[in-house]
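Each chain is listed here by its residues.
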Amino acid sequence: MAQRNNKYDRQLRIWGDHGQAALEHASVCLLNCGPTGSEALKNLVLGGIGSFTIVDPSRVEAADLGNNFLVSWENLGQSKARSVCALLQELNESVGAKFVEESPEALLDSNPSFFASFTLVIATQMPEKALIKLDETCRQQRVMLLVARSYGLAGLVRICIQEHDVIESKPDNPVDDLRLHKPWPELKRFVDQFDIDAKDQLEHQHIPFAIILVKVAEEWKAAHGGRLPSGSKERAEFKAAVRARKQSDDEDNYKEALASAYKVWAPPTISSELHSVLDDSAVEIHSTSTDFWILVAALKMFMANDADGDLPLDGAIPDMHSYTEYVVILF
Amino acid sequence: MASAEELAAIKKAKILMVGAGGIGCELLKTLVLTGFRDIHLIDMDTIEVSNLNRQFLFRKHHVGQSKAKVAREAVLKFRPDVNIVAYHANVKSTEFNVEFFQNFHVVLNGLDNLDARRHVNRLCLAAGVPLVESGTTGYLGQVTVHIKGKTECYECQPKPAPKTYPICTITSTPSKPVHCVVWAKELAFTRLFGDKNQANDLDSQTKEASSASEQQVLPLELQEGESVASFAFRVFDYVFGHNIEAALKNEDAWKSRRKPVPLYLNKILPNIAEEFKGSCENGARPENSCSAMSVLGLKNPQEVWSIEDNARVFLKSIEILYATKSKAIGTLVFDKDDQLAVEFVSAAANIRSYSFGIPMLSLFDLKGIAGNIVHAIATTNAIIAGLIVLEAIKILTSDFNHSRMTYCLEHPSKKLLLMPVEPFEPNSSCYVCSQTPLSLEVNTSKSKLRDVVEKIVKAKLSVHSPVIMQGSNILYETGEDLEKDMVLLYTSNLDKFLVDLPTPITNGTVLSVEDFQQEFSCNLHIKHRDEFDEEKEPDGMILTGKWLTSQTPEQQLNVPGGPTEGNNVVEAVAGETKTINDELQEVDGDFAEILEVNTVADKKRKIQDEEQAQKRMRVSLDER
């Protein structure tokens, strides 16, 4: 376990344990092991896929020695698939290695269900007619297909997948959903503990900006029949109300409050894309549903039964200028 | 596909590769398959397990052997007819001098640190050999081309200085995990296991604390007859307990900061003495262990341990280090591949974090911070290696119009994953490759040589050990082996006005400034001027020629998506590495300047970088 962690340390730092596990559960089928296919498979093998199978009918010729380092002169005349398979296995002993000495087109014709057992098929240097058939077969059997061709200094890669779902998306810009416009009971009670007009300077400048905004928003709602600021005039008035509570010029929490004031009147809404996912027929889950759709179904139930149509809170909060304790409690 | 001309150039090319790691393995393979037959390869490193996920020329049984040598052998297996000369050596060594570099048609770098890159850059300039530079970090990568006289050299655009932290942040007021890691590495680990003679802030803090509690004089030293376990217990109580209490006495420091909490073993692990006795009896003898974690049953390096477990690892790792490496104690240097060192540093950092209210991290994450580990995969290196070879071929066939700087992004920008940009012309005021001399306006009767040396040569040109000459006369130089009478001469020269020097400096004189260590040289054309504005020109001297004065992080590589300075992303060392900012700040005060940039500045810079890169993109695309 420690050895494996050490070997994969540098890539674990990119995609973590779950990513590595996904790799290790993958079985890959490579069609044609010329230089394109061999190089592609080499990178996957180094990364630690579960297993691979090479399908290639050809024999090693002199010309191959010049452009594919996974065949050697000792293999001249022998099966290219066998040669590449053996050398790839050296790169990573944990990866299962097999080969089939047959042409991919022939295999596609005689035994299309061969492909069903793979996570991914990589088809290299294959003619379009065969690719169309391969694509149909893969889609039917819910196998991912990757098509690659190279011609001298040009090449192409094409991904053919029916549906690809991502659960751990790691967005670059996380969305803060602070519910400033609609504080739930516990948050309200917490906010009530604060006095944003406190005289103690240290105290005043450490009130988290979220608290300030909730308080001012509550006051606004009380004065405006339960409404939130709308229209540029009212929004300006709201900001002025926030600004009026500032006690000195370099209170960072107030700067943050003013910068985030828009979150009070423009809370995150449920996008149309999210609606289309929620309304997709796959939400009617059954025994073979993927994890992704099960989660979506659960989300739909939550929103309908527990949350009044709202999305669950992410729980992440942005950096706030404040005492650590307050931020921890907020979290 | 390749023209006859290209094939001929490839066949007879002599290539120098510097680096046989991630990029190096892919590059050597691609070069050889492309038809290159004469390659020299320099790399000073040995193979480690963590290399094996991408440096595919190496196998498990090669761990510990020379990368350059093993790479050569692996390639010869599938191309026995090529000539590869492997050097297990440091490229900075004197055997790789200008004459050596002159043997090659092109130099290809696959390095992982700024220092070596700059060194190779200067040698390539001196030898007049084109250089193809490159770097990768995870999914990001780049290839740049440097041809003397035609394009920028590698140093024409300043590279971001490695990150440093103010010393007081490390010793007294940490606020982030990385501060605690630096403390654990540079102070705690060094004090306990490294060079004891090195001045260490832990000593002064502990002295303060120990005089307060009337303890022994050297609490951080193993006493005669003392068990390692009791020593470890005492160290814990001092560095996490007494020292913190002493620091708390300075009320000013904690006015607007959260106060750290002193930690003592009798509170955190009241039964620790029993635990230690028990573990020895159970057969987990320290001298047979190589990991505190595994002895303690902590299996998952990605788990964040409790404060109690962190304390256990801290103590246990000290015990095992003493049991297994007693001879090396006093000379150990932190090595990210040393499991015990990593465990000690992680535990120490976490305990300190806990004390200061900073979130604790897993060993995995702390190891990354402590070891400046950069994430890496095979594919980016393969892409970059391919691009390097393409650029090399263009250089060999003198197809300079098509030379490109190519940036490999993680996500497509304007639908492009590889962004080619035309190289810029040399920066005419680049310190290193500048062809045009600089001009210095100065009142030669009123300014002394010392002023020129301090204010211009050292401060503005960043030359650290200058040799200043007029013609063949040396007016000033620094060094250790200088003869006494020369030193006297130079000292007296410093105090003379320029016109009064043994070889007078007047209008039209050309001064040469050199630094042999940096292989840097430039000429200053002196222009006499009588008057200088006291307010606008307080130095009384003006150096003309546009240049990039301060090498701040604001001036980064113009790459959309951030800097890709090879594997040289962050060097969190408190005060060890002298950066340009250190030099500038020494004038101002004791502490190195904080180079932390806030997120707003980061975003602005990112937008600026993208705009600039797009402008350039448009230029090169317009040509097609």
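Structure first, text after, so check above.
Just so it is clear, the model here is predicted, and its values are computed rather than measured.

*Asks:* Looking at this structure, I do not really get the packing of helix 9 (residues 228–248) of chain B against helix 14 (residues 339–355) of chain B. What am I missing?
*Replies:* Geometrically, a packed helix pair is captured by the angle between its two axes and the distance between the axes. Residue and element names in this part refer to chain B. Remark: helix 9 packs on helix 14, axes separated minimally by 11 Å, with the N-to-C direction vectors making an angle of 25°. With respect to each other, helix 9 and helix 14 are oriented roughly parallel. Read as a crossing pair, helix 9 and helix 14 show a hand that is right-handed. Within the contact between the two elements, helix 9 uses Phe-236, Phe-240 and Ile-244 and helix 14 uses Ala-348, Ile-351, Arg-352 and Ser-355.

*Asks:* How should the interface of chain A and chain B be read in this particular structure?
*Replies:* Many structure descriptions define interface size as the accessible area lost when the parts assemble. On the side of chain B, 35 residues touch chain A, which itself brings 30 residues to the contact. Roughly 3000 Å² is buried in total at the junction of chain A and chain B, and carbon and sulfur atoms are behind 58% of that figure. Ranking the residues of chain A by area buried against chain B places A:Arg10, A:Arg13 and A:Phe69 at the top, with a combined share of 26%. Inspection of the chain A/chain B interface yields four salt bridges. The shortest N-O distance in the salt bridge between B:Lys29 and A:Glu39 comes to 2.4 Å. Here chain A is connected to chain B by seven residue pairs in polar contact (both at pLDDT 80 or more). Taken together, the elements giving at least two residues each to the side of chain A that touches chain B come down to helix 1 (2–24), helix 2 (35–47), helix 3 (62–67), helix 4 (80–91) and helix 15 (324–330) of chain A. At 13 residues, the largest contribution of residues to the side of chain A that touches chain B is made by helix 1 of chain A.

*Asks:* Teacher, can you tell me more about the side chain of B:Thr397 here?
*Replies:* Here B:Thr397 shows up in the loop between helix 16 (378–396) and strand 7 (405–413). With near-sequence residues (within four places) excluded, B:Thr397 lies in contact with B:Glu5, B:Glu6 and B:Ala9.

*Asks:* Can you help me understand helix 18 (residues 484–494) of chain B in this one?
*Replies:* Residues three or four positions apart in an α-helix share a direction because the helix packs 3.6 residues into each turn. Residue and element names in this part refer to chain B. Residues of helix 18 that are buried include every one of Tyr-490, Asn-493 and Leu-494, and no others. The buried residues of helix 18 occupy one face: seen down the axis, they fall within an arc of 100°. Exposed positions of helix 18 whose direction lies more than 90 degrees from the buried face are Lys-484 and Leu-488. The secondary structure elements touched by the buried residues of helix 18 are helix 17 (449–458) and strand 11 (473–477).

*Asks:* Quick question: what am I supposed to make of the sheet that holds strand 12 (residues 510–515) of chain B here?
*Replies:* Across a sheet, paired strands are connected by hydrogen bonds in the backbone, their directions being either parallel or antiparallel. All names here are of chain B. In spatial order, the strands read 11-10-12-13-9-14; together these six strands make up an open sheet with mixed pairing. Strands with a single pairing partner mark the edges of an open sheet, and in this sheet they are strand 11 and strand 14 (541–544). Strand after strand, the sheet turns through a mean of 25° between neighbouring axes, direction not considered. The sheet contact formed by strand 10 (residues 467–470) and strand 11 spans four bridges and is antiparallel. Opposite Gln-470, over in strand 11, you have Asn-473 as the bridge partner.

*Asks:* What's the story with a nonpolar patch on the surface in this structure? I'm lost.
*Replies:* All names here are of chain B. Side chains of Ile-383, Leu-417 and Leu-418 sit close together on the surface and give an oily, nonpolar patch of about 230 Å² of accessible area. Locating Leu-418 in the fold gives a position in strand 8 (residues 416–421). For Leu-418, a relative accessible area of 35% corresponds to the partly exposed category.

*Asks:* Whenever I open this one, the state of the cysteines confuses me. Can you help?
*Replies:* A covalent bond between the sulfur atoms of two cysteines is what we call a disulfide. Under the defined criterion, the tally for this structure stands at zero disulfides over all chains. Not engaged in a disulfide, the cysteine A:Cys33 finds its nearest cysteine sulfur in A:Cys85; these two sulfurs lie 9.0 Å apart. Its sulfur unpaired, B:Cys156 is 3.5 Å from the next cysteine sulfur, which belongs to B:Cys433.

Quick notes on the rules
Every chain is numbered on its own, with residues counted from 1 as its sequence reads. For naming, the first written chain is A and the first written ligand is 1, with later ones following in the order written. Whole-chain, interface and lining totals are the exception, using all residues; otherwise, since this is a predicted model, local features are given only for residues with pLDDT of at least 70 and side-chain atom pairs are given and counted only at 80 or more. Heavy atoms throughout the structure, all of them, feed into the side-chain values; hydrogens and water do not. Between the N-to-C directions of two axes lies an angle of 0 to 180 degrees, each axis being a line fitted to C-alpha atoms and, for a helix, fitted only over the stretch in contact. Every helix listed is a DSSP run of H or I at least four residues long, and every strand listed is a run of E at least two residues long, numbered separately from the N terminus. The labels follow the angle: roughly parallel below 35 degrees, roughly antiparallel above 145, roughly perpendicular from 65 to 115, and oblique for the rest. In this scheme the handedness of a crossing depends on how the near helix is turned from the far one: anticlockwise by less than a right angle means left-handed, clockwise means right-handed. Throughout, a residue-residue contact means that at least one pair of heavy atoms, one from each residue, lies within 4.5 Å. The quantity reported as buried area is the accessible area (1.4 Å probe) lost by two parts once they are put together, taken as the sum for both. Criterion for a salt bridge: a side-chain nitrogen of Lys or Arg within 4 Å of a carboxyl oxygen of Asp or Glu. Polar contacts, as counted here, are pairs of nitrogen or oxygen atoms within 3.5 Å of one another; within protein the pair requires one atom able to donate a hydrogen and one able to accept it, and residues that are adjacent in sequence qualify only if both atoms are side-chain atoms. Type-normalised accessible area, obtained with a 1.4 Å probe on protein chains alone, sets the label of each residue: buried when under 20%, exposed when over 50%, and partly exposed for intermediate values. Our arc is simply the arc of the directions from the helix axis toward the C-beta atoms. Pairs of strands are assigned from DSSP output, requiring at least two bridges between the strands. Patches here are clusters of residues that have more than 30% relative accessible area and form no salt bridge, with a 9 Å joining cutoff for like charges and a 5 Å cutoff for nonpolar side chains (Val, Leu, Ile, Met, Phe, Trp, Tyr). For every accessible area listed, the method is Shrake-Rupley and the probe measures 1.4 Å; residues are considered covered only by the protein chains on display. Whenever a pair of cysteine sulfur atoms sits within 2.5 Å, that pair is classed as a disulfide.

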